[in-house]
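Coordinates in review
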Amino acid sequence: DMFAAMNANKSDLKQHPEKLYDLIGKILLPNFDFDVASRLVLGRYWRSATPAQRKAFEDAFYKFLVHSYADGMLKGNYSERNVAVEPWRGSDSDTRAMVRSKVMRENAAPVEVDYAMVKTKTGWKAFDVTIEGISYVINYRNQFGPEIEQKGLEALIKRLNSDADKTCAAKSNAK
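The paragraphs below set out a description of the structure included in this document. (Residues numbered from 1 in each chain as written. Predicted model: local features only at pLDDT ≥ 70, side-chain atom pairs only at ≥ 80, totals over all residues. Heavy atoms only, no water.)

With that settled, consider the overall build of the chain. When you go through the chain residue by residue, the secondary structure sums to eight helices and five strands. The secondary structure elements of the chain, listed N-terminal to C-terminal, are α-α-α-α-α-α-β-β-β-β-β-α-α. A compact globule built from 175 residues would reach a C-alpha radius of gyration of about 16 Å, and the chain, at 17 Å, matches this within 12%. Taken along the three principal axes of its C-alpha coordinates, the chain extends 50 × 45 × 30 Å. For the chain, the residues scored as buried account for 38% of the 175 residues in total. A separation of at least 24 residues holds for 52% of the contacts in the chain among residues at least 6 apart in sequence. Counting only carbon and sulfur atoms, one obtains 53% of the accessible surface of the chain, whose full area is about 10700 Å². (Helix = DSSP H or I, 4+ residues; strand = E, 2+ residues; numbered from the N terminus. Rg over C-alpha atoms; globule rule 2.2 N^0.38 Å. Buried < 20%, exposed > 50% of the residue type's maximum accessible area, 1.4 Å probe, protein only. Contact = heavy atoms within 4.5 Å. Areas by Shrake-Rupley, 256 points an atom, 1.4 Å probe, with all protein chains shown as cover.)

The structure is reproduced here in structure tokens:
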């Protein structure tokens, strides 16, 4: 659904990035567990965070990710034809799974993209994406940990929101 919506509206979405953010929120967000991802990214800092800080981080992290990666999604030429998903090898009793896929590229080796999934009350949801062996959860945990140590969780939340806003403003000004 995401590929079809992006490919059908590329020029409009490039001119109006906020529409792409909305589209991602409607199509991808229901299939992603940002609560689990946020807990894993914050690691030990999750336990000492207040419920309000946890929610603020989750919201800021989501906004940061969407605004950071939306442009890359638009630049790609994704479709069902160039994304190969390997068959499921689990059982009905599993509560976690890995979905392995490859993004085929013209004149280049395929890119391995794996999705760590968790079974929830509402179905399977992704909580981590590993591209060419690099987990975004671990990558951001390693980036954010020292920042939290030095400046605190509130400062990280503020920076994530600011960076997302700058990305959006830069895309709007580039029109």
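Our next topic: the sheet that holds strand E3 (residues 108-120). What the five strands build is an open sheet, ordered E1-E2-E3-E4-E5; its pairing is antiparallel. Strand pairing shows two members of the sheet lacking a second neighbour, strand E1 (83-85) and strand E5 (134-135), which therefore form its edges. Two elements, strand E2 (residues 96-105) and E3, share nine bridges in a ladder whose sense is antiparallel. Along E3, the bridge assignment pairs Met-98 with Ala-116. (Pairing = 2+ DSSP bridges.)

This part covers the nonpolar core. Judged by nonpolar contacts, the single largest core of 41 residues is most densely connected at Leu-20, Phe-57, Phe-61, Tyr-136 and Phe-144. Counting residues per element, this core draws most heavily on helix H6 (residues 51-75), at nine residues. Residues contacting Phe-61, with those up to four places away along its chain left out, are Phe-34, Ser-38, Val-41, Tyr-136, Tyr-140, Phe-144 and Leu-160. (Core = buried A, V, L, I, M, F, W, Y, C linked by side-chain atoms within 4.5 Å.)

Before going further, it helps to examine the pattern of salt bridges. Across all of its chains, the model carries nine salt bridges by this definition. Each of the salt bridges in this network shares a partner with another, and the network as a whole consists of Glu-147, Arg-159 and Asp-163. (Salt bridge = Lys/Arg side-chain N within 4 Å of Asp/Glu carboxyl O.)

Across all of its chains, the model carries 13 aromatic pairs by this definition. Feature note: the residues Phe-32, Phe-34, Phe-57, Phe-61, Tyr-62, Phe-64, Tyr-136, Tyr-140 and Phe-144 constitute an aromatic cluster, connected by ring pairs. (Phe/Tyr/Trp six-rings, centres within 6.5 Å; stacked < 30°, edge-to-face > 60°.)

Once that is clear, we can look at the side chain of Asp-128. The topology assignment puts Asp-128 in strand E4 (residues 123-131). Buried charged residue Asp-128 carries no salt bridge. Nearest counter-charge: Arg-141, at 7.5 Å. Setting aside residues no more than four positions away along its own chain, Asp-128 makes contact with Phe-32, Asp-114, Tyr-115, Ala-116, Ser-135, Tyr-136 and Val-137. (Lys, Arg positive; Asp, Glu negative; His and termini not counted.)

The N-to-C vectors of helix H4 (residues 34-42) and helix H7 (residues 136-151) enclose an angle of 50°; their axes lie 7 Å apart at closest approach. Looking at the two axes, H4 sits oblique to H7. Residues Phe-34, Ala-37, Leu-40, Val-41 and Leu-42 of H4 pack against Tyr-136, Val-137, Tyr-140, Arg-141, Phe-144 and Ile-148 of H7. Its residues assigned to classes, the contact of H4 with H7 shows 10 nonpolar, no polar and one charged. (Axes fitted to C-alpha atoms, helices over the stretch in contact; angles between N-to-C directions. Parallel < 35°, antiparallel > 145°, perpendicular 65-115°, else oblique. Nonpolar A, V, L, I, M, F, W, Y, C, P; charged D, E, K, R; others polar.)

For H7, spanning 16 residues, the distance from its first C-alpha to its last is 22 Å, which sits close to the expected 22 Å at 1.5 Å a residue. At Phe-144, H7 is deflected by roughly 25°, the largest bend along its length, and proline Pro-146 occurs up to four residues later in sequence. Among the residues of H7, those classed as buried are Tyr-136, Val-137, Tyr-140, Phe-144, Gly-145, Glu-147 and Ile-148. Of the residues flanking the start of H7, the one acting as N-cap is Ser-135, its side-chain oxygen 3.2 Å from the backbone nitrogen of Val-137. A positive backbone phi angle near 100° is found at Gly-152, which sits one or two residues after H7. (Expected span 1.5 Å × (residues − 1). Bend = angle between axes of the 7 residues up to and from the residue. Polar contact = N/O pair within 3.5 Å; in protein donor to acceptor, adjacent residues only side chain to side chain.)

Before going further, it helps to examine helix H3 (residues 17-27). Considered for burial, the residues of H3 that qualify are Pro-17, Leu-20, Tyr-21, Leu-23 and Ile-24. The arc that holds the buried residues of H3, viewed along the axis, is 160°, so those residues lie on one side. (Arc of directions from axis to C-beta.)

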